[in-house]
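Remarks on the overall topology
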Amino acid sequence: MNNPENRAVLECRRLTKVFAEGPEKLKVLRGIDLLVSPAERVAIVGTSGSGKTTLLQLLAGLDHPSSGEVILCDHQLMKVSEQQQGELRNRHLGFVYQFHHLLPEFTALENVAMPLLLRKEVSVGQATMRAEEMLGMVGLSKRASHKPAELSGGERQRVAIARALVGSPDLVLMDEPTGNLDPHTASKIHELMKSLSEQLTTSFIVVTHDMVFARQMDRALRLEDGHLVPVV
Ligand SMILES: Nc1ncnc2c1ncn2[C@@H]1O[C@H](COP(=O)(O)OP(=O)(O)O)[C@@H](O)[C@H]1O
Ligand SMILES: [Mg+2]
């Protein structure tokens, strides 16, 4: 491309997903077009069951679309091997889910360092230093040696956010990251996400039910009847 700085981090074209439920066909996604620019923050809202999680799974290459294509940082996800997909995810993507998915037997610091430890070129020392830095950015330096069970719900989500960002991904996908938290803790996490997204060049796609937060992103879209439409 001529202007590499401005090329899309993620693009999907005419993405559809149909689940075959016995004789019934459930058309969850009916032709999704989405282009996410570098450092752009996109919120996705939609009622429960509208297909938000399905869409994020497709964008990450974790599920196959019924038709259409997903291009992550110039790579056609459906045209590379599963091993290459895994490498692309590790290098370019971070994830935060409603439930933290931290590994219970490891400390906060070890959990955050994990994505870097999967990269052959990164030493344990480098990974640990970078993980300490990220834990500092989410305000949890003092909890580095605690295991997930010893942390509050909000702290666990902070660790999950640090883990998603530790590898300097191009894009972070978040699926209702505050859906499991009380409103006060959720608003603290939203403030943290806004502050981090302003400091970093990472793009974000955040699925949320919080309309106030959604409107604070660069763009808010609603998943409705299998299509993405602007929130007005
Ligand atoms: N593996 C699957 N097989 C069949 N139906 C599914 C599957 N995954 C999701 N669905 C259905 O697709 C719809 C969208 O689900 P989902 O993407 O989880 O919605 P949301 O995240 O917006 O709540 C729901 O009706 C759900 O039951
Ligand atoms: Mg969901």
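Each remark here, short or long, concerns the structure printed above.
I will try to describe carefully the structure that is included in this document. Since this is a predicted model, take the numbers as computed values, not measurements.

Bringing the site of ligand 1 into the picture now. Around ligand 1 sit Phe19, Glu21, Leu26, Val28, Thr47, Ser48, Gly49, Ser50, Gly51, Lys52, Thr53 and Thr54, and that is every residue in its neighbourhood. For ligand 1, an oxygen atom lies 2.7 Å from a polar atom in the backbone of Gly49. The separation between an oxygen atom of ligand 1 and a polar main-chain atom of Ser50 is 3.2 Å. Protein contact buries 61% of the 560 Å² of open area that ligand 1 shows by itself. Broken down by element, the shell around ligand 1 gets its largest block of residues, 3 residues, from helix α1 (residues 52–59). Looking at side-chain class alone, the shell around ligand 1 contains 3 nonpolar, 7 polar and 2 charged residues.

Here helix α4 (residues 124–137) is 14 residues long and its end C-alpha atoms lie 20 Å apart, about the 20 Å a rise of 1.5 Å per residue gives. Buried residues of α4: Ala127, Ala131, Met134 and Leu135, and no others. Each buried residue of α4 lies within a common arc of 100° when the element is viewed along its axis, so the set occupies one face. Contact partners of the buried residues in α4: α3 (108–117) and α5 (153–165).

Right, let's talk about the sheet that holds strand β1 (residues 10–21) for a bit. Strand order in this open sheet of 4 strands is β2-β1-β4-β5, and the pairing throughout is antiparallel. In the strand order of this sheet, the two ends are held by β2 (24–36) and β5 (75–76), each with one partner. Pairing between strand β4 (residues 67–72) and β5: 2 bridges, direction antiparallel. Looking at the pairing, Leu72 lines up with His75 of β5.

On to the environment of Ala220, then. Relative to the helices and strands, Ala220 is located in strand β9 (residues 219–224). Each C-alpha atom of the pair Ala220 and Asp210 lies 11 Å from the other, and the pair is 10 residues apart in sequence. With near-sequence residues (within four places) excluded, Ala220 lies in contact with Ala43, Ala214, Val229, Pro230 and Val231.

Orientation of α3 relative to α4, taken along the N-to-C sense of each, is 125°, at an axis distance of 8 Å. Considering the angle they form, α3 stands oblique to α4. The interaxial crossing formed by α3 with α4 has right-handed handedness. Counted together, Ala108, Leu109, Val112, Ala113, Leu116 and Leu117 of α3 and Val124, Ala127, Thr128, Arg130, Ala131, Glu132, Met134 and Leu135 of α4 form the full contact between these two elements. Looking at the contact of α3 with α4 residue by residue, the classes come out as 11 nonpolar, 1 polar and 2 charged.

What follows is about α5. The periodicity of an α-helix, 3.6 residues per turn, causes residues three or four positions apart to be oriented the same way. For α5, which comprises 13 residues, the first-to-last C-alpha distance of 19 Å matches the rise-based estimate of 18 Å (1.5 Å per residue) to within 8%. The buried fraction of α5 amounts to 11 of the 13 residues, a majority that puts the element mostly inside the structure. Among all positions of α5, only Gly154, Glu155, Gln157, Arg158, Val159, Ala160, Ile161, Ala162, Arg163, Ala164 and Leu165 are buried. For α5, the elements touching its buried residues are β6 (93–96), α3, α4, β7 (171–175), α6 (183–199) and β8 (203–207).

What counts, and at which threshold
Residues numbered from 1 in each chain as written. Chains lettered and ligands numbered in written order. Predicted model: local features only at pLDDT ≥ 70, side-chain atom pairs only at ≥ 80, totals over all residues. Heavy atoms only, no water. Near = heavy atom within 4 Å. Polar contact = N/O pair within 3.5 Å; in protein donor to acceptor, adjacent residues only side chain to side chain. Areas by Shrake-Rupley, 256 points an atom, 1.4 Å probe, with all protein chains shown as cover. Helix = DSSP H or I, 4+ residues; strand = E, 2+ residues; numbered from the N terminus. Nonpolar A, V, L, I, M, F, W, Y, C, P; charged D, E, K, R; others polar. Expected span 1.5 Å × (residues − 1). Buried < 20%, exposed > 50% of the residue type's maximum accessible area, 1.4 Å probe, protein only. Arc of directions from axis to C-beta. Contact = heavy atoms within 4.5 Å. Pairing = 2+ DSSP bridges. Axes fitted to C-alpha atoms, helices over the stretch in contact; angles between N-to-C directions. Parallel < 35°, antiparallel > 145°, perpendicular 65-115°, else oblique. Left-handed = near helix turned anticlockwise from the far one by under 90°.

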